[in-house]
Amino acid sequence: MVTRILYVEDNPLNMRLVRKILKSLGYEMFEAIDGLSGVDLAINEQPNIILMDINLPDIDGIEATTRLKQEDSTRNIPIIALTANAMHGDKERFLEAGCDGYLAKPVSKLELQNTIAIFLDARHNIAV
Ligand code: MN
């Protein structure tokens, strides 16, 4: 089964970079350009992994993560925060919201590939 990944990101350049990486790795990608549509898309599509930007035009990535972790149908989907904000405390705020991992932008192909593989393996091990 093809791995399905949702990326919530309002910056077209970041979206394009990650789209290129995910396509080259053979993943199916879903895209949302704001927090609310990201939450809806996650509930409707049930992706295997969610990549989450922090600064979004409506609710931010932390609020979106909080909502997804409160929702029964999405609480077990790993959420990896992708943010350029290296500000002190951001990582902590994300982890507090229930985020499962954290990557600094711009992400490299190898970084993204490795992080996704770790979460897919974790799910596989639980299932088996
Ligand atoms: Mn943004």
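Quantities reported herein were computed from a predicted structural model and do not represent experimental measurements.

Concerning the overall build of the protein chain
And then number 1: A tally of helices and strands in the protein chain yields five helices and five strands.
And then number 2: Its helices and strands taken in sequence order, the protein chain reads β-α-β-α-β-α-β-α-β-α from the N to the C terminus.
And then number 3: Relative to its length of 128 residues, the protein chain is compact, with a C-alpha radius of gyration of 13 Å against a globular reference of 14 Å.
And then number 4: Its C-alpha atoms give the protein chain principal-axis dimensions of about 35 × 30 × 25 Å.
And then number 5: Counting all 128 residues of the protein chain, 45% fall into the buried class.
And then number 6: Of the roughly 6900 Å² that the protein chain leaves accessible, carbon and sulfur atoms contribute 52%.
And then number 7: Positive and negative side-chain charges in the protein chain, numbering 13 and 19 respectively, have mean positions lying 6 Å apart.

Focus on the nonpolar core
And then number 1: Core analysis: the biggest nonpolar cluster contains 20 residues, and Leu6, Val8, Ile50, Met52, Leu68, Ile79 and Phe94 have the highest contact counts within it.
And then number 2: Elements represented by at least two residues in this core include exactly strand E1 (4–8), strand E2 (28–32), helix H2 (35–45), strand E3 (49–53), helix H3 (61–70), strand E4 (79–83) and helix H4 (90–97).
And then number 3: Here Ile79 is in contact with Ile50, Met52, Thr65, Leu68, Lys69, Cys99, Asp100 and Gly101, once residues within four sequence places are set aside.

Comments concerning H2
And then number 1: Residues of H2 that are buried: Gly35, Gly38, Val39 and Ala42. On an axial view of H2, the arc spanned by its buried residues comes to 100°, and they lie on one face.
And then number 2: Buried residues along H2 sit in contact with E1, E2, E3 and H3.
And then number 3: One side-chain oxygen of the residue at the start of H2 lies 3.5 Å from the amide nitrogen of Leu36, identifying that residue as Asp34.
And then number 4: Positive backbone phi, at 50°, marks Gln46, one or two positions downstream of H2.

A word on the pairing of E3
The two faces of the sheet receive side chains in turn, since in a regular strand these alternate between them.
And then number 1: Across the five residues of E3, five count as buried, placing the element largely inside the fold.
And then number 2: Residues of E3 alternate between two faces, with Ile49, Leu51 and Asp53 on one and Ile50 and Met52 on the opposite face, all of them buried.
And then number 3: Relative to E3, E1 is paired through four bridges, and the arrangement is parallel. Residue pairing for E3: Ile5 is matched across the bridge by Ile49.
And then number 4: Tracing the backbone out of E3, into H3 and back to the parallel element E4 gives a crossover that is right-handed.

Definitions and limits used
Residues numbered from 1 in each chain as written. Predicted model: local features only at pLDDT ≥ 70, side-chain atom pairs only at ≥ 80, totals over all residues. Heavy atoms only, no water. Helix = DSSP H or I, 4+ residues; strand = E, 2+ residues; numbered from the N terminus. Rg over C-alpha atoms; globule rule 2.2 N^0.38 Å. Buried < 20%, exposed > 50% of the residue type's maximum accessible area, 1.4 Å probe, protein only. Areas by Shrake-Rupley, 256 points an atom, 1.4 Å probe, with all protein chains shown as cover. Lys, Arg positive; Asp, Glu negative; His and termini not counted. Charge placed at Lys NZ, Arg CZ, Asp CG, Glu CD. Core = buried A, V, L, I, M, F, W, Y, C linked by side-chain atoms within 4.5 Å. Contact = heavy atoms within 4.5 Å. Arc of directions from axis to C-beta. Polar contact = N/O pair within 3.5 Å; in protein donor to acceptor, adjacent residues only side chain to side chain. Pairing = 2+ DSSP bridges. Right-handed = clockwise from strand over helix to strand, strands pointing away.

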